[in-house]
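Topology and contacts: notes
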Amino acid sequence: MRILLVGEYSRLHNSLKEGLQVLGHEVLLISTGDFFKKYPSDILLTRKYDSGIPAKVKVGIYKLFGIDITSRNIANQFFKKSDQLKGFDVVQLINESPFTIQPKEEIRIVKFLSEHNKKLFLLSCGADFVSVSHAMSNAHPYSVLSGYKDGSFAKERFASMTKYLTAPFKALHDYIYERIDGVIASDMDYHLPLLDHPKYVGLMPNPVNLSRLTIIENEVIEPVVIFMGINRGNYHTKGIVFFEEALKVIKEKYGDKVIIDIVENLPYAEYIERYNKAHILLDQVLAYDQGYNALEAMAKGKVVFTGAEAAFETYYNLKAPVAINALPDATYLVDELSKLIDNPILITEIGERASKFVAEIHDHVRVASKYVEVWQGKKVL
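Figured I'd write up the structure that's included with this text. (Residues numbered from 1 in each chain as written. Predicted model: local features only at pLDDT ≥ 70, side-chain atom pairs only at ≥ 80, totals over all residues. Heavy atoms only, no water.)

Here we look at the pattern of salt bridges
For the structure shown, the criterion picks out 14 salt bridges. The partner of Lys 111 in a salt bridge is Glu 115, and the shortest N-O contact between them spans 2.8 Å. Of the two residues, Lys 111 and Glu 115 are both situated in helix α4 (residues 103-116); the distance of four residues between them amounts to about one turn of the helix. The class of Lys 111 is partly exposed, set by a relative accessible area of 40%. With its nearest N and O atoms 3.1 Å apart, the salt bridge here joins Arg 179 to Glu 178. The exposure class assigned to Arg 179 is partly exposed, which follows from its relative accessible area of 33%. (Salt bridge = Lys/Arg side-chain N within 4 Å of Asp/Glu carboxyl O. Helix = DSSP H or I, 4+ residues; strand = E, 2+ residues; numbered from the N terminus. Buried < 20%, exposed > 50% of the residue type's maximum accessible area, 1.4 Å probe, protein only.)

Here's what the structure looks like:
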């Protein structure tokens, strides 16, 4: 098959591409590299006018004419490559807004892709109309919009998510869903909102290329190293404030028995290098399943505080924890961290189960083969 992967989040499409290539498929990836993370891409579209004086000029043009010159420029870059973006058996969008540009520009791109290729699939990965609508409901005790709903953060801090409920993004959502052959969830956080949707074809575990990862023996000696990477853009939707509160207590309680390493907005390669020495990684609180960064850390035998709710454990029929379910409660997080620090054998045991789980469920070649089945018409709910 010839497959075009459009957009990139957290290296998901890169890993899927690598799995598909092992299976003998021809794959092309086009993306903007996911902002500061700088993921590789066969066709890399460059974001411009996002900082300094050009950004001020962009704001002025938008106020005067309603044109976002960054969005227009990325769309123009896309269409300059149009001859390379035709004739694929399958096109998959990483998200309803795969290039994070204005909806009208995304619609132009989706229209082209749907007209010049055979099948079009959508990943529900990251915020979109369905998942944000679900998060705004009271279907679960907490969500990525908990801080929006309870007023603990200013509402404008959530604009990157709530924008999906505005009229232009709803129009983009409707346009895409009219044209796709199916929508796929990348984990439980997107699976649950889509369960009754007629276009939903199933959950595909995040693909992880284990051959790329250096598996590090999680030998537990003092001090225990706790790592947390902060992306300021999603700080409030990940529940990082609960980790910060817990770490203050842990530092005071354990002193030199722990090393706490906190970094912000690092490119992917630097981020990985920094956490390699950690025993424990704090990923996110307001989730029901693991994202890509958590899975890579789990594959390396780290104990990860992340989404690992009952729905996740039931779906994968787990008998023992492979990660620590992080809840929006600093006292609970302190207790869970303390158990690990006081009983380091638990770090080894959970880390070993985590590594085995990722190898069994998330291997990129195995997952790629499941994607092929879905693209060929099989449902895997």
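Read on, since the account is not over.
Overview of the packing of aromatic side chains
Any two aromatic rings considered together are summarised by their centre-to-centre distance and by the angle between their planes. Taken as a whole and assessed by the stated rule, the structure comprises 17 aromatic pairs. Geometrically, the ring pair formed by Phe 79 and Phe 112 is edge-to-face, given 5.7 Å between the ring centres and 85 degrees between the ring planes. Residue Phe 79 is found in helix α3 (residues 69-80), and its partner Phe 112 is found in helix α4; the two are separated by 33 residues along the sequence. A relative accessible area of 23% places Phe 79 in the partly exposed class. An angle of 80 degrees between the planes, with centres 5.5 Å apart, marks the rings of Tyr 271 and Tyr 275 as edge-to-face. Of this pair, Tyr 271 and Tyr 275 both sit in helix α12 (residues 268-275), four residues apart, roughly one helical turn. Under the relative-accessibility criterion, Tyr 271 is labelled buried at 10%. Tyr 275 gets classed as buried once you look at its relative accessible area, which sits at 0%. Pairwise contacts between aromatic rings join Phe 78, Phe 79, Phe 99 and Phe 112 into one cluster. The ring of Tyr 148 has Lys 155 sitting right over it, with the charged end atom 4.4 Å from the ring centre. (Phe/Tyr/Trp six-rings, centres within 6.5 Å; stacked < 30°, edge-to-face > 60°. Lys NZ or Arg CZ within 6 Å of the ring centre and 35° of its normal.)

Let's talk about unusual backbone geometry
Even without glycine at this site, Thr 100 takes up a positive phi of about 55 degrees. If you trace the backbone, Thr 100 turns up in the loop between β4 (90-93) and α4. The residue Asn 317 is not glycine, and still its phi comes out positive at about 55 degrees. In this structure Asn 317 comes out as exposed when scored by relative accessible area, which is 52%.

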